[in-house]
Each structure stands twice: as structure tokens, then as C-alpha cells.
Amino acid sequence: LDAVVIGKVTDDKLLRVMDQGEVCAEIPAYYLVLGGGAPVYERERKRPDWLDELHQIDLDELPEPDDYHDVLEKLIASPNIASRREVYRQYDHMVQINTHIEPGSDAAVIVIKDTCKAIAMSTDCNSRYCYLNPYEGAKAAIAESARNIVCSGGKPVAVTNCLNFGNPYKPQVYWTFSEVIRGMRDACTVLKTPVTGGNVSFYNENPQGAIYPTPVIGMLGIIDDYHKSVTQYFKSAGDTIILLGVGATGIGGSEYLRIMHGLIAGDVPTVDLEKELELHQVMYELMDQGLVQSAHDCSEGGLAIALVESCFTPDQTFGIKASFEIRGRSSTALFGESPGRIVISVRTSDLPQVIQRINHIQHLYTIIGQVTENTTLSINNLIRSDARKLRELWESTLQF
């Protein structure tokens, strides 16, 4: 790449622009710093009144599904969950033949040529969450993107963003924007992922109103040895499936609630950032020892969708036999989208060592089943399906 020296750092606290040795502009740097001497505009902010109404809807009053298998089919075919391969295959996703893990897994991985290092990249945002609770929604976007990097074997290091909102002169929109920024700041501070750049797009409205607040987060991670990277799909029949983290606690803002009940309501799950860091540490230890066969975070669609998506390998379709205790509503356990959870598979022979390492960090986990050679997908006594049919729905939704 071409490069040229354009200046140097000085100790006189002045920003000085030169042209052919002549000073063209000179100003104290202090007056260019937000929070310092630069002017800061404080626009009017107002929390939307309708948030209270949406939060107060008692979601536990909603009826449970008559057929959980039917729910699973509807969710796997949702454009928010279905395969995006028909989109990303139109672009160059094999970057100079260095792409090690293609898009479609939790994070794409690109090898740095002539080294063992690689970079992992993920983009995430749940605009429904940010609509219902912009602070927690922004935290969730940061946390999910970081979790996806960790699932690939990487360590999150930096964030970029594309922040999309309505008219900032409207107090409700500006309040939402400020809450999103606050959530991003708090999450990035704890996860130690500085925001290196990004853009803001305002005035995204039509006569019916503004778009949902949509802070799209792009997370970058570093993998020291790409040979230890991990994909989201199961590898071998007989492997044990483990859920790292606790069960879902609600369905507020979930894809299940939108698809099955036509509602975008309730409050969204709270992100415990310290627990997220603990989850990262568990994954680092297990992956460093080569104990993880696959890793997939629970997000849109909840645990049931994470299990189904893990069955879809590039070469074949696995099944699962899963059985675990359900406390509370079955719809919440299967389709709730609480953060801080990763589904991993491990060789059954490695299970004692895996459990020992998880217990060492004192992180909660649940052994939920096994990978099967046949394509039957069985979850408790609630779902029994053919994973091949689910894969057809997953792959055919976005066809052009």
C-alpha cells in the first residue's frame, strides 16, 4: 500500500495545518474535543409513554402452543432466522481464498496469510429489543456480537457500528438514541471492546413513523491459531450436547412472540455483562484444550432454534435426542431468547474433563442430550421432527 507522512505530534496543544511551510490554520486542540471546549448540543429527550403499556402486558397470560413442532417450523422459516446464504453468496465471501469459516456460522473467519493468526467478524442487532428497551437492547447487541466471536474461537477486541434511527428532533427518538449510546458504552467498557468507528443514519421515517432503533454492531476478534477455530454445527454422532448458562427467563421481544402471537411487547432480557465475561473464559479454556467440537450461541428463536441450526452441517444433517428439566412455561424454555447462553457439543469421552473445567470457573451448565446419526430431532416430549425437513424450510425462505 502507498503511504505518506502527513504530520507529527507536538507538545504545544495546538492543531496546526501547513501548506508548503505556510500556516493555513491553527487552533487549540481543546476546542475540538467533545466534552472539552467543543460545543455540545443537549437536545430535548423524552421517554416514550407507550413503553410502559408494552412492558405491562402480562405475557404469562398468553396460551401455550397446541403443537410445539408447528412453532419450530414457523420460526426456522422466519426471514429473521432462516439461512442468508442466498444473500451473501452474491458477494465475494472467499476473500483472496483466505476465508477459513464462511458467513453463515456465528462468525466468519479469515486467515492472515503466512501466519496462524486469523480475524473473526460478526454483525448483530435485534431492533425489537432496542424498540422495547434501547439501553438493554444495545447491551444485548454488543454482547451477542462478542459471544459470536467467542463461539468461533476468537477474542473480541473492537467494535464498529451503523446506528439507524428516526428524526432526532423528536424527543422520543433522541431519548432512544441516547439510551442506545449509553448501553453501547457500558457494554463496551466491560467487554473491553473500544468503538473504533462507525456511522449514524437519522431521519429514517415514513408517514407511519420511524423505523425501529437499529444499532447494527460489527465486532472484530482475534484468533491466535486458526487451527483451533470452531464452527456452529455438530461434528459426530454420539457427541454430548451441553448448554452453558441458565435457561430462558421470558419471551419479551422474542421472535416467538412476534410470529405466534403477533406481538412486539414485554420487557427484554437483562444482559449480565460480568456473566458474559465468565462465559467467555469458560469457552477460552475449553477451546484451548481442543475440547469443543461445536459452539453456537442462543439468540433469535432461543434454545430450540440453536439446537436445530447446529444439526445443519455443510455435508450432512444430524439429529438430536435432548431431554432437560423445564421450570415454568415450555414456550419460554424452548423459544425464550435470554442472553449469555451457548450450546456446545463435546466428545463423550472428554465429558469428565469438560465438566471439571466448567466447574473450576463455577459457571452454570446443563447436559441436554446427544447428537444422533439419524435425522430425528427429539426435544423432551414436546418436539419430534425430521431435521431434513426443517433444513429445507431454513434454506428455502430467502430464495431469489
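All values reported here derive from a predicted model rather than from experimental measurement.

(A) Geometry of the packing of aromatic side chains. One pass over the full model with this rule turns up ten aromatic pairs. Summarising the aromatic geometry, the rings of tyrosine 174 and phenylalanine 177 are spaced 6.0 Å apart at their centres and angled 45° between planes, so their arrangement reads as tilted. On the criterion of helical spacing, the pair formed by tyrosine 174 and phenylalanine 177 is a turn pair, its members being three residues apart in helix α6 (residues 171–191). Like phenylalanine 177, tyrosine 174 is buried. Taking the centre distance of 5.4 Å and the plane angle of 10° together, the rings of tyrosine 256 and phenylalanine 335 count as stacked. Residue tyrosine 256 is located in helix α7 (residues 255–261), and its partner phenylalanine 335 is located in helix α10 (residues 330–335); the two are separated by 79 residues in the primary sequence. With respect to burial, tyrosine 256 and phenylalanine 335 carry one shared label: buried. Aromatic ring contacts, followed pair by pair, group Phe165, Tyr174, Phe177, Phe202 and Tyr203 into a single cluster. Just above the ring of tyrosine 284 sits the side chain of lysine 155; from NZ or CZ to the centre is 5.0 Å.

(B) Quick peek at empty space enclosed by the protein. One pass over the full model with this rule turns up one cavity of 30 Å³ or more. Of the voids in this model, the largest cavity is the one considered here, and its volume is about 120 Å³. If you go around the largest cavity, the residues you meet are Asn126, Tyr129, Ala140, Ala141, Glu144, Arg147, Cys298, Ser299, Glu300, Glu337 and Pro339. Among the elements that line the lining of the largest cavity, the one with the most residues is helix α5 (residues 134–152), at four residues. Here the residues of the lining of the largest cavity are counted per class, giving five nonpolar, two polar and four charged.

So, how was this worked out
- Counting starts from 1 at the beginning of each chain's written sequence and moves along it residue by residue.
- Predicted model: local features are reported for residues with pLDDT of at least 70 only, side-chain atom pairs are reported and counted for 80 or more only, and whole-chain, interface and lining totals are derived from all residues.
- Excluding hydrogens and water, the side-chain figures rest on all heavy atoms present in the structure.
- Pairing of aromatic side chains here covers Phe, Tyr and the six-membered ring of Trp, requires ring centres within 6.5 Å, and sorts the geometry by plane angle: under 30 degrees stacked, over 60 edge-to-face, intermediate tilted.
- Helix numbers and strand numbers start at the N terminus; a helix is a DSSP run of H or I with at least 4 residues, a strand a run of E with at least 2.
- Exposure classes here rest on a 1.4 Å probe applied to the protein chains alone. A residue is buried below 20% of its type maximum, exposed above 50%, and partly exposed in between.
- A positively charged side chain is recorded as over a ring if its NZ (Lys) or CZ (Arg) lies within 6 Å of the ring centre. The angle to the ring normal must also be within 35 degrees.
- Detection works on a 1 Å grid of protein atoms alone, calling trapped sets that fit a 1.4 Å probe cavities and calling open sets with protein on both sides within 12 Å along at least five of seven lines pockets, with lining residues defined by an atom within 4 Å of a point.
- Grid points are joined across faces, edges and corners, and a volume is the space filled by probe spheres set on the points.
- The residue classification treats Ala, Val, Leu, Ile, Met, Phe, Trp, Tyr, Cys and Pro as nonpolar and Asp, Glu, Lys and Arg as charged. All others, Gly included, are polar.

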